[in-house]
Amino acid sequence: MKVETRSIEYIPANERHGKAKDLFPIWFGANMNITTLVSGSLPIMLGLNLFWSVVAIVIGSLIGAIFMASHSVQGPKLGIPQMIQSRAQFGVIGAIIPLFLVMFIYLGFFASNTLLAAQTIGDILPINQTWNIVIIGAICFVVALYGYDLIHKVQKWFSAASLLIFLIMTYIVFQLPVPQEQWLPTNIDVSAFFLAVSIAVTWQLSYAPYVADYSRYLPIDTPPAKTFWYSYSGTVIGAVWMMVLGAVLTIAIPNFMDNTGGNLASLYGSFAILMYVLIVFGQLAINVFNLYGAFMSSVTTIEPFIKVKVTPKVRMVFLLCITFIATTLCIAGQGNFLEFFLNFIFFMSYFLIPWTSINLVDYYLLRRGEYSVKDIFDLNGQYGKVNWIASFAFVVSIIAEIPFINASFYVGPVAKALNGADLAWAAGLFLPAILYYFPMKRKIRNTITGPEFHQLDVKKVEKL
């Protein structure tokens, strides 16, 4: 294994490798961890029974993964990381706005995942939790340093191991006593149901800033449909499986969330040590994604101002600084994890979803995947320094989400009128699509001038 030499630059054809099917273990394994399990407990804690919790988890995952997998298709086509593609919509400088916000997402998820893993290690080894956090950060740093190929290899082995272990876990969990009425479609709390759907949608959308990072080395002729479906099926199957297990465990073991590691240990008996190892490994795997994405985003942010050649040593310095910040945040944030995680996942979605909408509308409806990668790296290129249309749509959409928000720190008037249902994710998807599509379509057409404009086919104009 060698340290990855590429960072945010275009991956040339002679370095492309792999197949679309390699994406299934990446996104299946990304969901096979205790954080996903904890997320599955949230619909139960909102007051839903198992039947409606499972329905909400499935619906939310199926919806959210559409957008997540649509980002994955961009990787082989453009050959660059996910977040740097934002320059084509926001401009080379304007893209710093979503990049800055996404950095908080990476750091927040790193902190929550690390804390859960550290608590799990503390259940089996007499090591101080702070030291557990430091050790986890160091391991993630090494894997992220080696980069793309090692991450793919690790995820393949982890996905195979987790498939076997969680099949056994599923069998054991479904032997636990669960009241029969929990599986009946009765007494639905509509507001809690929509909130639970929002959790599952947001879970999938939270992968959007990562996705193309792990498909950008695939050959450019990789069929888009295969890229989409391998990513989609991997993330949906993994997330639904783990979230449903989390929901069942929360019903079957009343104090499950108070002592997750201890309850799993008593449930598995002598098999528990293997389960612990897998859980910790799962947290490490997804945390590597966070460090790798944070590295890409930080390089993308400073690249317009300082031209840095990312050698292995420079890569190491960047990742070391990011790991230090993320680990420090985790150590400082030890406390009520579940409350922190629930607040964070919703807070993050209000900023992330409008970016997703703008990026996908631009790629699929306006430019049809046709971009000048060279201009994405050029301050004076065709995408400009700042695209005010995208910036306006992004900011206005975030403001428009406020009335729909239902969070511990604020409940908007629309959410109150809907008895607490949080539909901010829907507003954050549809409004920016409208605000961006029509003005941007006119702008693209207006850039084509002269007599040749009238000779061009309309579809060709839209493609340009």
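Because the structure is a prediction, the values reported are computed rather than measured.

The rules behind each value
- Residues numbered from 1 in each chain as written.
- Predicted model: local features only at pLDDT ≥ 70, side-chain atom pairs only at ≥ 80, totals over all residues.
- Heavy atoms only, no water.
- Helix = DSSP H or I, 4+ residues; strand = E, 2+ residues; numbered from the N terminus.
- Buried < 20%, exposed > 50% of the residue type's maximum accessible area, 1.4 Å probe, protein only.
- Contact = heavy atoms within 4.5 Å.
- Areas by Shrake-Rupley, 256 points an atom, 1.4 Å probe, with all protein chains shown as cover.
- Polar contact = N/O pair within 3.5 Å; in protein donor to acceptor, adjacent residues only side chain to side chain.
- Salt bridge = Lys/Arg side-chain N within 4 Å of Asp/Glu carboxyl O.
- Patch = residues over 30% accessible without salt bridge, like charges linked within 9 Å, V, L, I, M, F, W, Y side chains within 5 Å.
- Axes fitted to C-alpha atoms, helices over the stretch in contact; angles between N-to-C directions.
- Parallel < 35°, antiparallel > 145°, perpendicular 65-115°, else oblique.
- Left-handed = near helix turned anticlockwise from the far one by under 90°.
- Nonpolar A, V, L, I, M, F, W, Y, C, P; charged D, E, K, R; others polar.
- pLDDT = per-residue confidence, 0-100.
- Phe/Tyr/Trp six-rings, centres within 6.5 Å; stacked < 30°, edge-to-face > 60°.
- Core = buried A, V, L, I, M, F, W, Y, C linked by side-chain atoms within 4.5 Å.
- Expected span 1.5 Å × (residues − 1).

A. Representation of the overall build of the chain in the model. A count of helices and strands for the chain gives 19 helices and two strands. Buried positions account for 57% of the 464 residues belonging to the chain. Restricting the contact set of the chain to residue pairs at least 6 apart, pairs at least 24 apart contribute 86%. In the structure as shown, the chain presents an accessible area of about 18900 Å², 70% of it carried by carbon and sulfur atoms.

B. Focus on the environment of Leu46. Turning to its location among the elements, Leu46 is positioned in the loop between helix 2 (34-45) and helix 3 (50-72). Leu46 gets classed as partly exposed once you look at its relative accessible area, which sits at 28%. C-alpha of Leu46 to C-alpha of Ala196: the two residues are 150 residues apart in sequence and 7.7 Å apart in space.

C. Up close: the environment of His17. Here His17 lies in the segment before helix 1 (23-31). The spacing of His17 and Pro219 is 202 residues in sequence and 5.9 Å in space, taken between C-alpha atoms. Excluding residues within four positions of it along the chain, His17 makes contact with Tyr148, Asp149, Tyr217, Leu218 and Pro219. At 2.8 Å, the side chain of His17 and the side chain of Asp149 are in polar contact.

D. Broad picture of the pattern of salt bridges. Taken as a whole and judged by the stated rule, the model has eight salt bridges. Across the pair Arg216 and Glu4 runs a salt bridge whose closest N-O atoms are separated by 2.9 Å. Here Arg216 is found in the loop between helix 9 (190-205) and helix 10 (224-252), whereas its partner Glu4 is found in the segment before helix 1, with 212 residues between them in sequence. Considered together, Arg216 and Glu4 belong to a single accessibility category, that of buried residues. Among the salt bridges present, the one from Glu303 reaches Arg87, with a minimum N-O distance of 2.9 Å. Pair noted here: Glu303 is in the loop between helix 12 (272-302) and helix 13 (312-332) and Arg87 is in helix 5 (residues 87-90), with a separation of 216 residues, a long-range link. The same class applies to Glu303 and to Arg87, which are both buried. Connected through salt bridges with shared partners, the residues Glu4, Arg216 and Arg315 form a single ionic network.

E. Broad picture of a nonpolar patch on the surface. Nonpolar side chains collect at one region of the surface, where Ile124, Leu125, Ile127, Trp131, Val134, Ile135, Ile139 and Ile331 lie side by side and expose about 650 Å² of accessible area between them. No other element matches the four residues that helix 7 (residues 129-146) contributes to the nonpolar patch. Residue placement: Ile135 occurs in helix 7.

F. Expanded view of the packing of helix 1 against helix 8 (residues 148-173). With their axes 8 Å apart at the nearest point, helix 1 and helix 8 run at an angle of 60 degrees to one another. In terms of orientation, helix 1 lies oblique with respect to helix 8. Viewed along their axes, helix 1 and helix 8 form a crossing whose handedness is left-handed. Packed against helix 1, whose contacting residues are Pro25, Ile26, Phe28, Gly29 and Ala30, the element helix 8 presents Ile151, His152, Gln155, Lys156, Phe158, Ser159, Ser162 and Leu163 at the interface. Tallied by class, the residues present in the contact of helix 1 with helix 8 amount to seven nonpolar, five polar and one charged.

G. Here's a closer look at the confidence of the model for the chain. With 88% of its residues at a pLDDT of at least 70, the chain reaches an overall mean of 85. When mean pLDDT is compared element by element in the chain, helix 3 scores highest at 95, while helix 19 (residues 458-463) scores lowest at 43.

H. Looking closely at the packing of aromatic side chains. Overall, the coordinates contain 27 aromatic pairs when judged by the stated rule. Each ring, one from Phe193 and one from Phe194, has its centre 6.0 Å from the other, and the planes form 75 degrees; the classification is edge-to-face. Phe194 gets classed as partly exposed once you look at its relative accessible area, which sits at 35%. Between Tyr371 and Tyr383, the ring centres sit 6.4 Å apart and the planes meet at 45 degrees, which makes this aromatic pair tilted.

I. The nonpolar core, seen in detail. In this structure, Trp27, Tyr207 and Phe289 are the most contacted members of the largest nonpolar core, which totals 116 residues. Each residue touching Trp27, except ones within four places of it in the same chain, is listed here: Met68, Tyr207, Tyr210, Val211, Tyr214, Ser231, Gly234, Thr235 and Phe289. Counting 13 residues, the second largest nonpolar core, distinct from the first, contains Leu48, Val197, Val201 and Leu205.

J. Molecular detail of the packing of helix 1 against helix 10. Relative orientation of the contacting elements helix 1 and helix 10 amounts to 20 degrees, with a least axis distance of 7 Å. By the criterion of interaxial angle, the relationship of helix 1 to helix 10 is roughly parallel. By crossing handedness, the relation of helix 1 to helix 10 is classed as right-handed. On helix 10, the residues touching Leu23, Phe24, Trp27, Phe28 and Asn31 of helix 1 are Thr227, Tyr230, Ser231, Ser233, Gly234, Thr235, Ile237, Gly238, Ala239, Trp241 and Met242. Considering only residue class, the contact of helix 1 with helix 10 consists of nine nonpolar, seven polar and no charged.

K. Main features of helix 7. Between the first and last C-alpha of helix 7 there are 27 Å, a value that for 18 residues agrees with the 26 Å anticipated at 1.5 Å per step. For helix 7, the side-chain oxygen to backbone nitrogen distance between the N-cap and Thr130 is 2.8 Å, and the N-cap itself is Asn128.

L. Region of the structure containing the side chain of Gln182. By the element assignment, Gln182 lies in the loop between helix 8 and helix 9. Those residues within four positions of Gln182 in sequence are excluded, and the remaining contacts are Asn49, Leu50, Phe51 and Ile251.

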